[in-house]
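Survey of secondary and tertiary structure
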Amino acid sequence: MPALVDQRCFTHAQREAVARCPACQRYFCRECITEHADRVLCASCLKKSAAAPAAARWRLPLAVHLAQCVAGLFIAWMFFYFAGRMLLLMPSAFHEGTVWEKSWWEKE
Ligand SMILES: [Zn+2]
Ligand SMILES: [Zn+2]
């Protein structure tokens, strides 16, 4: 495998290459390479990857996001419902009683 410093940009023959596109395995200069979603891609590969599955990619996260919203609301409702049930199950003496009369750190 040839060293990166010896490589020239695929589109700019006079420029030094700074990175290699993992998709097309060609070397590119700083201007031709772009970072996209934690991946370094050349401009043409980025165009290719962005064009095809963009519509399909958008649909799924939206559905997942909605499902997460519903699940979050349901979990919150469950939490407060059972918290309310717990409070109702407690004897009223617990609320009116001696529990809070004295702070725990004052008890001997
Ligand atoms: Zn590429
Ligand atoms: Zn270039």
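Conventions we followed
- Residues numbered from 1 in each chain as written.
- Chains lettered and ligands numbered in written order.
- Predicted model: local features only at pLDDT ≥ 70, side-chain atom pairs only at ≥ 80, totals over all residues.
- Helix = DSSP H or I, 4+ residues; strand = E, 2+ residues; numbered from the N terminus.
- Buried ≥ 20, exposed ≤ 12 C-beta atoms within 10 Å, placed from the backbone.
- Contact = placed C-beta atoms within 7 Å.
- Pairing = 2+ DSSP bridges.
- Core = buried A, V, L, I, M, F, W, Y, C linked by C-beta atoms within 7 Å.
- pLDDT = per-residue confidence, 0-100.

Notes on the overall build of the protein chain
- Within the protein chain, the regular secondary structure consists of 3 helices and 4 strands.
- Going from N to C terminus, the protein chain has its helices and strands arranged as β-β-β-β-α-α-α.
- Looking at the protein chain as a whole, 9% of its 108 residues qualify as buried.
- Across the protein chain, every contact between residues at least 6 apart in sequence was considered, and the portion connecting residues at least 24 apart equals 2%.

Overview of the pairing of strand S4 (residues 39-42)
- Bridging between strand S3 (residues 33-36) and S4 involves 4 bridges; their strand directions are antiparallel. In the sheet register, Ile33 faces S4, and the bridge partner there is Cys42.
- The turn linking S3 back onto S4 is made up of 2 residues, and Ala37 within it adopts a positive phi angle of 55°.

Digging into the nonpolar core
- Cys9, Ala17, Cys21, Tyr27, Phe28, Cys32, Ile33, Leu41, Cys42 and Cys45 form the largest nonpolar core, which has 10 residues in total.
- Counting residues per element, the ones that place at least two in this core are strand S2 (27-28) and S4.
- Not counting chain neighbours up to four residues away, the residues in contact with Ile33 comprise Val18, Ala19, Cys21, Phe28, Val40 and Cys42.

Quick notes on the environment of Cys32
- As for its position among the elements, Cys32 is in the loop between S2 and S3.
- Residues Cys32 and Thr11, spaced 21 residues apart in sequence, show a C-alpha to C-alpha distance of 7.8 Å.
- Every residue in contact with Cys32, bar those within four places of it in the chain, is listed here: Cys9, Thr11, His12, Cys42 and Ala43.

Notes on unusual backbone geometry
- For Gln25, which is not glycine, the phi torsion reads 65° and is therefore positive.
- In this structure, Gln25 sits in the loop between strand S1 (19-20) and S2.

Description of the confidence of the model for the protein chain
- The predicted model of the protein chain has a mean per-residue pLDDT of 82, with 72% of residues at 70 or higher.
- Looking at the elements of the protein chain, mean pLDDT is at its lowest for helix H3 (residues 92-96), recorded as 65, and at its highest for S2, recorded as 93.

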